[in-house]
Amino acid sequence: METLNYEMYINAPIQDVWNLLWSEETYGQWTQFFEEGSQFKTDWKVGGKTYFTNKNGEGMVSTIVSLNEPTEVVFSHLGTYKNDVEDTQSRDVKQWSGTEEKYFLRAVDDTTTELRAIVHADESMVDMMNTGFNKGFELLKKIAES
(Lines give C-alpha, C1' and ligand atoms only; values in the text may rest on other atoms or scores of the structure.)
Protein backbone atom coordinates (compact mmCIF):
# COMPACT_ATOMS: atom_id res chain seq x y z
CA MET A 1 0.00 0.00 0.00
CA GLU A 2 1.08 3.53 -0.73
CA THR A 3 0.05 6.62 1.20
CA LEU A 4 -0.95 9.46 -1.11
CA ASN A 5 -1.42 13.11 -0.10
CA TYR A 6 -3.43 15.78 -1.90
CA GLU A 7 -3.70 19.41 -0.85
CA MET A 8 -5.55 22.43 -2.18
CA TYR A 9 -6.14 25.96 -0.95
CA ILE A 10 -9.65 27.18 -1.75
CA ASN A 11 -10.86 30.76 -1.44
CA ALA A 12 -14.08 29.90 0.39
CA PRO A 13 -15.10 29.49 4.04
CA ILE A 14 -14.50 26.08 5.61
CA GLN A 15 -18.20 25.16 5.99
CA ASP A 16 -18.84 25.96 2.31
CA VAL A 17 -15.99 23.66 1.24
CA TRP A 18 -17.27 20.88 3.54
CA ASN A 19 -20.76 21.23 2.09
CA LEU A 20 -19.47 21.07 -1.50
CA LEU A 21 -17.42 17.95 -0.72
CA TRP A 22 -20.35 16.00 0.69
CA SER A 23 -23.60 17.36 -0.79
CA GLU A 24 -25.55 15.15 -3.20
CA GLU A 25 -25.52 17.94 -5.79
CA THR A 26 -21.74 18.40 -5.92
CA TYR A 27 -20.19 15.10 -4.76
CA GLY A 28 -20.76 13.48 -8.16
CA GLN A 29 -19.25 16.48 -9.92
CA TRP A 30 -15.85 16.47 -8.24
CA THR A 31 -15.63 12.66 -8.07
CA GLN A 32 -16.44 12.14 -11.77
CA PHE A 33 -12.69 11.89 -12.39
CA PHE A 34 -12.57 8.64 -10.39
CA GLU A 35 -15.56 7.19 -12.21
CA GLU A 36 -18.49 8.78 -14.02
CA GLY A 37 -21.65 8.57 -11.95
CA SER A 38 -19.85 8.37 -8.59
CA GLN A 39 -22.10 8.76 -5.59
CA PHE A 40 -22.10 8.02 -1.90
CA LYS A 41 -24.62 7.31 0.80
CA THR A 42 -23.86 7.53 4.50
CA ASP A 43 -25.57 7.68 7.86
CA TRP A 44 -22.84 10.10 9.05
CA LYS A 45 -22.26 7.99 12.17
CA VAL A 46 -18.94 6.78 13.53
CA GLY A 47 -19.10 2.99 13.15
CA GLY A 48 -22.05 3.25 10.75
CA LYS A 49 -22.19 2.44 7.05
CA THR A 50 -21.06 4.45 4.04
CA TYR A 51 -21.36 3.26 0.45
CA PHE A 52 -19.19 4.69 -2.33
CA THR A 53 -20.74 3.49 -5.59
CA ASN A 54 -20.71 3.97 -9.34
CA LYS A 55 -23.73 4.64 -11.55
CA ASN A 56 -24.61 0.91 -11.38
CA GLY A 57 -24.68 0.93 -7.57
CA GLU A 58 -21.46 -1.09 -7.28
CA GLY A 59 -18.45 -0.06 -5.23
CA MET A 60 -17.19 -0.08 -1.67
CA VAL A 61 -18.72 -0.38 1.77
CA SER A 62 -16.94 1.67 4.41
CA THR A 63 -17.37 3.05 7.89
CA ILE A 64 -16.56 6.39 9.46
CA VAL A 65 -13.86 6.06 12.13
CA SER A 66 -13.57 9.78 12.92
CA LEU A 67 -15.91 12.70 12.28
CA ASN A 68 -15.59 16.32 13.31
CA GLU A 69 -17.58 18.53 10.91
CA PRO A 70 -16.35 20.68 9.21
CA THR A 71 -12.70 19.84 9.85
CA GLU A 72 -12.30 16.07 9.55
CA VAL A 73 -13.78 12.82 8.33
CA VAL A 74 -11.92 9.52 8.14
CA PHE A 75 -13.38 6.56 6.28
CA SER A 76 -12.15 2.98 6.69
CA HIS A 77 -12.89 0.81 3.68
CA LEU A 78 -14.33 -2.55 4.68
CA GLY A 79 -15.08 -4.32 1.41
CA THR A 80 -16.97 -4.30 -1.84
CA TYR A 81 -20.65 -3.76 -2.55
CA LYS A 82 -22.44 -5.28 -5.54
CA ASN A 83 -26.06 -6.31 -6.18
CA ASP A 84 -26.98 -5.18 -2.63
CA VAL A 85 -24.43 -7.64 -1.19
CA GLU A 86 -21.45 -6.64 0.96
CA ASP A 87 -18.24 -8.66 0.65
CA THR A 88 -15.96 -8.04 3.62
CA GLN A 89 -14.53 -11.56 3.92
CA SER A 90 -13.11 -12.73 0.58
CA ARG A 91 -9.36 -13.12 0.21
CA ASP A 92 -9.17 -10.31 -2.38
CA VAL A 93 -11.01 -7.89 -0.08
CA LYS A 94 -8.95 -8.79 2.99
CA GLN A 95 -5.81 -7.65 1.17
CA TRP A 96 -6.97 -4.01 1.33
CA SER A 97 -9.73 -3.99 3.96
CA GLY A 98 -9.03 -1.36 6.61
CA THR A 99 -7.36 1.11 4.27
CA GLU A 100 -8.33 4.65 5.06
CA GLU A 101 -9.42 7.75 3.17
CA LYS A 102 -8.96 10.87 5.31
CA TYR A 103 -10.18 14.41 4.67
CA PHE A 104 -8.92 17.36 6.69
CA LEU A 105 -10.09 20.96 6.32
CA ARG A 106 -8.43 23.89 8.04
CA ALA A 107 -9.63 27.48 8.06
CA VAL A 108 -6.60 29.56 7.09
CA ASP A 109 -8.76 32.64 7.70
CA ASP A 110 -12.44 33.54 7.27
CA THR A 111 -12.30 33.18 3.48
CA THR A 112 -9.61 30.57 2.77
CA THR A 113 -9.67 26.84 3.47
CA GLU A 114 -6.90 24.29 3.21
CA LEU A 115 -8.32 20.97 1.98
CA ARG A 116 -6.20 17.87 2.40
CA ALA A 117 -6.84 14.22 1.58
CA ILE A 118 -4.66 11.30 2.63
CA VAL A 119 -5.47 7.92 1.11
CA HIS A 120 -4.01 4.44 1.16
CA ALA A 121 -3.93 2.85 -2.27
CA ASP A 122 -2.59 -0.26 -3.91
CA GLU A 123 0.14 0.48 -6.45
CA SER A 124 -2.26 -0.40 -9.29
CA MET A 125 -4.62 2.41 -8.14
CA VAL A 126 -2.09 5.25 -7.82
CA ASP A 127 -2.65 6.76 -11.29
CA MET A 128 -6.42 6.67 -10.90
CA MET A 129 -6.18 8.28 -7.45
CA ASN A 130 -3.81 10.99 -8.69
CA THR A 131 -6.12 11.85 -11.58
CA GLY A 132 -9.25 11.70 -9.44
CA PHE A 133 -8.02 13.84 -6.58
CA ASN A 134 -5.99 16.36 -8.59
CA LYS A 135 -8.72 17.03 -11.17
CA GLY A 136 -11.51 16.63 -8.62
CA PHE A 137 -10.04 19.14 -6.18
CA GLU A 138 -9.41 21.59 -9.04
CA LEU A 139 -13.08 21.37 -10.01
CA LEU A 140 -14.16 21.69 -6.38
CA LYS A 141 -12.01 24.84 -6.09
CA LYS A 142 -13.58 26.26 -9.25
CA ILE A 143 -17.11 25.58 -7.96
CA ALA A 144 -16.34 27.03 -4.51
CA GLU A 145 -14.72 30.16 -5.85
CA SER A 146 -17.36 30.96 -8.48
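From a predicted model like this one, the values you see are computed outputs, not experimental measurements.

Asker: Teacher, can you tell me more about the UniProt feature "domain: Activator of Hsp90 ATPase homologue 1/2-like C-terminal" (unreviewed entry) in the chain here?
Answerer: The UniProt record marks residues 11–143 with the feature "domain: Activator of Hsp90 ATPase homologue 1/2-like C-terminal" (unreviewed entry), using the residue numbering of this structure. Between the C-alpha atoms that bound residues 11–143 there is a distance of 10 Å. The span itself is 29% helix and 39% strand.

Asker: How should I be thinking about the pairing of strand β3 (residues 50–53) in this particular structure?
Answerer: Looking along a regular strand, one sees the side chains alternate between the two faces of the sheet. Alternating positions in β3 separate into two faces, Thr 50 and Phe 52 on one and Tyr 51 and Thr 53 on the other, with burial throughout. Judged from the four bridges that link them, strand β2 (residues 39–42) and β3 form a sheet pairing that is antiparallel. The partner of Gln 39 across the bridge, within β3, is Thr 53.

Asker: Is there a simple way to think about unusual backbone geometry in this case?
Answerer: The phi torsion of most residues other than glycine is negative, and most of the peptide bonds are trans. The step from Glu 69 to Pro 70 runs through a cis peptide bond, and the omega angle for that step is 5°. Within the secondary structure layout, Pro 70 lies in the loop between β4 (59–68) and β5 (72–82). Within the chain, Trp 44 stands out as a residue other than glycine whose phi angle is a positive 55°. With respect to the helices and strands, the residue Trp 44 is situated in the loop between β2 and β3. Phi at Asp 84 is positive, roughly 65°, even though this residue is not glycine. Note that Asp 84 resides in the loop between β5 and β6 (85–87).

Conventions used here
Residues numbered from 1 in each chain as written. Predicted model: local features only at pLDDT ≥ 70, side-chain atom pairs only at ≥ 80, totals over all residues. Heavy atoms only, no water. UniProt positions renumbered as here; feature names shortened; annotations may be inferred. Helix = DSSP H or I, 4+ residues; strand = E, 2+ residues; numbered from the N terminus. Buried < 20%, exposed > 50% of the residue type's maximum accessible area, 1.4 Å probe, protein only. Pairing = 2+ DSSP bridges.

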